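Commentary on secondary and tertiary structure
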Amino acid sequence: MKRWMKYVKPYMLYFILGPLCMIIEVVGEVLMPMYLAEVINGAVKGTLTNEGSLWVMVKMIGTALIMMIGGVGGSYFGAKASVNFAADLRADLFKKVQGYSFANIDKFSTASLITRLTNDVTQVQMFVNMMLRMMLRSPGMLIGGVIMAIKLSPSLSVIMAVTIPLLLISMAFIIVRGMPRFSKMQTKIDALNSTVQENITNVRVVKSFVREDFETEKFEGSNKNLKGAGMSAMKNMIFMQPVQSFFMYITTGLVIWFGSILVINNFDSFGVNSSFGVGELSSFINYVSQILMSLMMVTFLLMFSSRALASVKRINEVLDEKIDIVDGEHADDSMTVEKGEIEFRNVTYRYYKNSEEPVLANIDLKIAAGSTVGIIGSTGCGKTTLVSLIPRLYDTDEGEVLVDGRNVKDYTLYNLREGVGMVLQKNVLFSGTIEENLRWGNENATDEEMFAAAESAQADKFVKNFTLGYQTELGQGGVNVSGGQKQRLCIARALLKEPKIIILDDSTSAVDTATEAQIRRAFREELAASTKIIIAQRISSVKDADMIVVMDDGKITGVGTHAELMENNVEYQEIFNSQISGKDGN
Ligand SMILES: Nc1ncnc2c1ncn2[C@@H]1O[C@H](COP(=O)(O)OP(=O)(O)O)[C@@H](O)[C@H]1O
Ligand SMILES: [Mg+2]
C-alpha cells in the first residue's frame, strides 16, 4: 500500500478533485426526478401553469449544465491522475528491470516482463480511472436515492429492502465465481504474448526453417486457450446484466402495484403522509432505478478490481524481485580497474543451484595485465560462463574472481563494468544510426576516437562504403548488416569504452580469417596496455596469444602457448588436427 501511495502523492490534487467533481453530477442526478414529480403532479392536479413548467425547464437545463461541468471535470481529473500514476509506475518498473541481473531476467522471461510493463500497468490504470469516477458517485447516488425514496414513501421503500439484498447475493455469487476465471485469463494472455513475441523477434529463423505452419499452429494453441479462458469468464459475466435487469423490473413492478394502491387510496400504508401522487410515484421509480444502477456500478467496479488485483500482484512481483547482483557491501566507489590483471581462485559455478554437476569446477587461472589470452574448447564447456564472471554478469558460488588483486565485488558494478568491455556471443545492435550505436559504448567519445575504434575493429572501411557512412540507419538488432559486419561494429562499440579488459566471446566467428588477422594486429598495437581475452573456435584466432587456455567440461585442461600446448596437450592437438584436416578436405 505504501508503495502505491508514492504514485498517488504527486497527483493528490487530481485524485481529490476528480471524485469531488463527480459529486456535482450526483447531486444533479438526485435532483432531476424531483423536477419531474413537480410537473407530473401539477398536470394531474390541474395546477400546472405555463410559467410553472417553464421554470421547471429552466431548472432542469441549469442543473444539466452544472452536471456537465462536473462530469467533464471529473473525467478530466480522473484521466490526468490515472495516466500520470501509470506513467510513473511504468518508469519505476523499467528502472527496476534495468537493474536486473541476467539471472533475474531468466526467471521472469522477457515476454512476461513486457506484458507486465504494458498490459498489467494499463489494467491498473483503467481501474484507478474508473475508481476515481465511481468511488463517490455510486455510493452518492445510492445514498441520495435511498434518502429520497424513503422521504417519498417509507412503505414503498420496504420493497427495496427485500429485493436489493437478493440482488446483492446473486451479484456476489457471480463475482466470486468470476474472479478465478479472470486471473486464469491473465495467465493465458501472458502465454499468448510470449508466443507472439518469440515468433516475431525471431521471424527470420522461422522463415528460413519454413516453420510458419508450425508456429501458426503453436499460436493457434495459445489463442484457443485464451479464447477458452475468455469464454469461461464471459459465460459467467453474461448473467450479470440480465439478472440485474430482472431484479430491476421485479422491484419496479412491485413498486408500481403498491404505489398505485397508495395513489388510489391517497394514503401511505404507514399512515404517515397522504400526499403521495402520480408524480411522487414516477420519481420514486426513478430513484429505484438510480439505486439499482449505482449498485450495478459498484458490482462492476468489484469485478474490475479483481482483474486489476491480478495485475497488481504481477507488478508487485517485478518490484519485489530481489536483484541478486548489486554493489558489494564494501564496494569502494573510488576504485576503478587500473591495470587489468585477472585471477580466478578456486571458482565453482552452477546456473541451477541444486544441480549436482557444476558448470565450472575449481577453476584457478591467472591472467597478466596487458596480455592476450585465448580460450578454446568444445561448445558448452563453460567458456562464456567463465568470462561472464569477470564483469559480474553472474556471481561465483565458491571461490573468488579478482581484478587487479581485488575481489570484483569490491568495485562498484559501474566502475567494474566500465573497466571491462565484453562483446557477447549473441550481441545485438539497436535501431538508430551506426554512429549512435558506436557512441552507445561511450557517449563522450570524440569523432576521432570513434573512427579509431572502428578502424581497429576493421569496420571503418565498410561503413565508409555505405552511402550514408556513419549515419546509416540500422534496423532493429542490426538486421541490415551482415553477420561479420555486425560483429565488427559490436567490437568497435566495446573498444570505444577504452576498457582495461576486453573480452571477445566468439565475436569474430562470422569474420573472414584475413580480416580477423587484421583485427588481432590492431588489438596488439593499439590496445597494448589492455588485457585481451579472446574466446574462439579456430586455432588460428588464438595461436599468437601470450597464453592459451584449453577448457573441457567446466575444467581447465591446459594452459600454455601454442607451441607448448602442441607438445603436451592432447585435446589441443586434437582440435588442431581436426581443423588442419578440415582444411585439407576443402
Ligand atoms: N543462462 C543459462 N542458464 C542455464 N544454463 C546455462 C545458461 N547459459 C549456459 N548454460 C549451460 O552452461 C553450460 C556452459 O555454457 P557456456 O558457458 O555458454 O558454454 P560455451 O560458451 O563454452 O559454449 C552449458 O551446458 C549450458 O547449457
Ligand atoms: Mg559460449
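Heads up: these notes are all about the structure in this document. (Residues numbered from 1 in each chain as written. Chains lettered and ligands numbered in written order. Predicted model: local features only at pLDDT ≥ 70, side-chain atom pairs only at ≥ 80, totals over all residues.)

Quick notes on the overall build of the chain
Spelled out, the test is: Numbering of helices and strands runs from the N terminus, with a helix taken as a DSSP run of H or I at least four residues long and a strand as a DSSP run of E at least two residues long. For the radius of gyration, the atom set is restricted to C-alpha positions; the globular benchmark scales as 2.2 Å times the number of residues to the power 0.38. As a rule, residues whose C-beta atom has 12 or fewer other C-beta atoms within 10 Å are exposed, those with 20 or more are buried, and those in between are partly exposed; C-beta atoms are placed from the backbone. By the convention adopted here, residues make contact when the C-beta atoms placed from their backbones lie within 7 Å.
Each helix and strand in the chain was counted, giving 21 helices and 12 strands. The C-alpha atoms of the chain give a radius of gyration of 36 Å, which is well past the 25 Å a tight globule of 586 residues would have. Here the chain, with 586 residues, has 33% of them falling under the buried criterion. Looking at the chain alone, contacts between residues at least 24 apart form 80% of all its contacts between residues at least 6 apart.

Regarding the sheet that holds strand β11 (residues 547–552)
For the record, the criterion: Criterion used throughout: strands pair if DSSP finds at least two bridges between them. A fitted line through C-alpha atoms represents every axis, and for helices the fit uses only the stretch in contact; the resulting angles, taken between N-to-C directions, go from 0 to 180 degrees.
Strand order in the open sheet formed by six strands is β6-β9-β10-β3-β11-β12, and the pairing between neighbours is mixed. One side of each edge strand has no neighbouring strand; the edge strands of this open sheet are β6 (420–423) and β12 (555–560). With strand direction ignored, the average angle separating the axes of adjacent strands in the sheet is 15°. In this sheet, β12 lies alongside β11 in antiparallel orientation, the contact comprising five bridges.

Considering the sheet that holds strand β4 (residues 398–403)
Taken in spatial order, the four strands of this open sheet run β2-β1-β4-β5, and their pairing is antiparallel. For this open sheet the edge positions go to β2 (360–367) and β5 (406–407), each flanked by a neighbour on one side alone. Judged from the five bridges that link them, strand β1 (residues 342–349) and β4 form a sheet pairing that is antiparallel. The residue of β4 that forms the bridge with Phe344 is Val401.

Brief notes about the site of ligand 1
Heads up, the rule is: We call a residue near a molecule or strand when its C-beta atom, built from the backbone, sits within 6 Å of it. Note that Gly is not counted as nonpolar here; it falls among the polar residues with everything else outside the nonpolar set of Ala, Val, Leu, Ile, Met, Phe, Trp, Tyr, Cys and Pro and the charged set of Asp, Glu, Lys and Arg.
Near ligand 1, the surroundings consist of Asp106, Tyr351, Val359, Gly377, Thr379, Gly380, Cys381, Gly382, Lys383, Thr384 and Thr385. In terms of residue count, helix α12 (residues 383–388) provides more of the shell around ligand 1 than any other element does, three residues in total. Here the residues of the shell around ligand 1 sort into three nonpolar, six polar and two charged.

Some details on the environment of Val124
Turning to its location among the elements, Val124 is positioned in helix α5 (residues 110–134). The residues touching Val124, leaving out its near neighbours within four places in the chain, are Ala86, Ala308, Ser311, Val312 and Ile315.

Details of the pairing of β11
Counting buried positions over the six residues of β11 gives five, a clear majority of the element. Taken together, the five bridges between strand β3 (residues 372–377) and β11 define a ladder with parallel strand orientation. Bridging from a neighbouring strand, Ile375 pairs with Val549 of β11. Taking the residues between adjacent antiparallel strands as the criterion, β11 and β12 are bridged by two residues, where Asp553 takes a positive phi near 50°.

A closer look at helix α18 (residues 513–526)
Let me state the cut-off plainly: Multiplying 1.5 Å by the residue count of a helix minus one yields the expected span of that helix. Each direction from the helix axis to a C-beta atom contributes to the arc, which is the arc of those directions.
The terminal C-alpha atoms of α18, which comprises 14 residues, lie 20 Å apart, in line with the 20 Å expected from a rise of 1.5 Å per residue. Those residues of α18 that fall on the buried side of the exposure criterion are Glu516, Ile519, Arg520 and Phe523. The buried residues of α18 occupy an angular sector of 100° when projected down its axis, which confines them to one face. Exposed residues on α18 whose side chains face more than 90 degrees from its buried face are Ala514 and Glu525. Where α18 is buried, its residues touch α15 (447–456), α17 (483–495), β10 (531–535) and α19 (539–542).

A short note on the pairing of β3
Burial within β3 is extensive, with six of its six residues counted as buried. Burial of β3 is two-sided: the residues Thr372, Gly374 and Ile376 facing one way and the residues Val373, Ile375 and Gly377 facing the other way are all buried. Of the strand pairs in this sheet, β3 and β10 are connected by four bridges, and their pairing is parallel. Across the sheet, residue Gly374 finds its bridge partner in β10, namely Ile534.

Some details on the packing of helix α3 (residues 50–99) against α5
Between two packed helices, the angle of one axis relative to the other and the distance separating the axes together describe the packing. The following threshold applies: Note on angle classes: values under 35 degrees are labelled roughly parallel, values over 145 roughly antiparallel, values of 65 to 115 roughly perpendicular, and the remainder oblique. By definition, any crossing whose near helix is turned counterclockwise from its far helix by less than a right angle is left-handed, and any crossing with a clockwise turn is right-handed.
Their axes nearest at 9 Å, the elements α3 and α5 cross at an angle of 155°. When the axis of α3 is compared with that of α5, the two are roughly antiparallel. The way α3 lies across α5 gives a crossing that is right-handed. Each residue belonging to the contact of α3 with α5 can be placed in one class, and the counts come to 15 nonpolar, six polar and two charged.

Topic: α15
Listed in full, the buried residues belonging to α15 are Met450, Ala453, Ala454 and Ser456. With its buried residues spanning 160° around the axis, α15 presents them on a single face. Among the exposed residues of α15, those pointing more than 90 degrees away from its buried face are Asp447 and Glu448. Its buried side turned inward, α15 meets α14 (434–439), α16 (460–465), α17 and α18. Among the residues trailing α15, Gln458 stands out with phi positive, at a value near 60°.

Examining the nonpolar core
Test applied: Each nonpolar core consists of buried Ala, Val, Leu, Ile, Met, Phe, Trp, Tyr and Cys residues. Their C-beta atoms, within 7 Å, join them into a set.
The biggest cluster of nonpolar side chains holds 64 residues, and the ones touching the most others in it are Ile390, Ile491, Ala492 and Ile503. Phe15, Phe127, Met141 and Val288 belong to the second-largest nonpolar core, a separate cluster that totals 39 residues.

Side note on the packing of helix α7 (residues 154–201) against helix α10 (residues 240–265)
Where α7 meets α10, the closest approach of the two axes is 10 Å, and the angle between their N-to-C directions is 170°. Accordingly, the angle class assigned to the pair α7 and α10 is roughly antiparallel. Residues Leu156, Ile159, Met160, Thr163, Leu166, Leu167, Ser170 and Ile174 of α7 lie in contact with α10, whose contacting residues are Met240, Val243, Gln244, Phe247, Ile250, Thr251, Leu254, Val255, Phe258 and Gly259.

The values are spatial; any link to function lies outside them.
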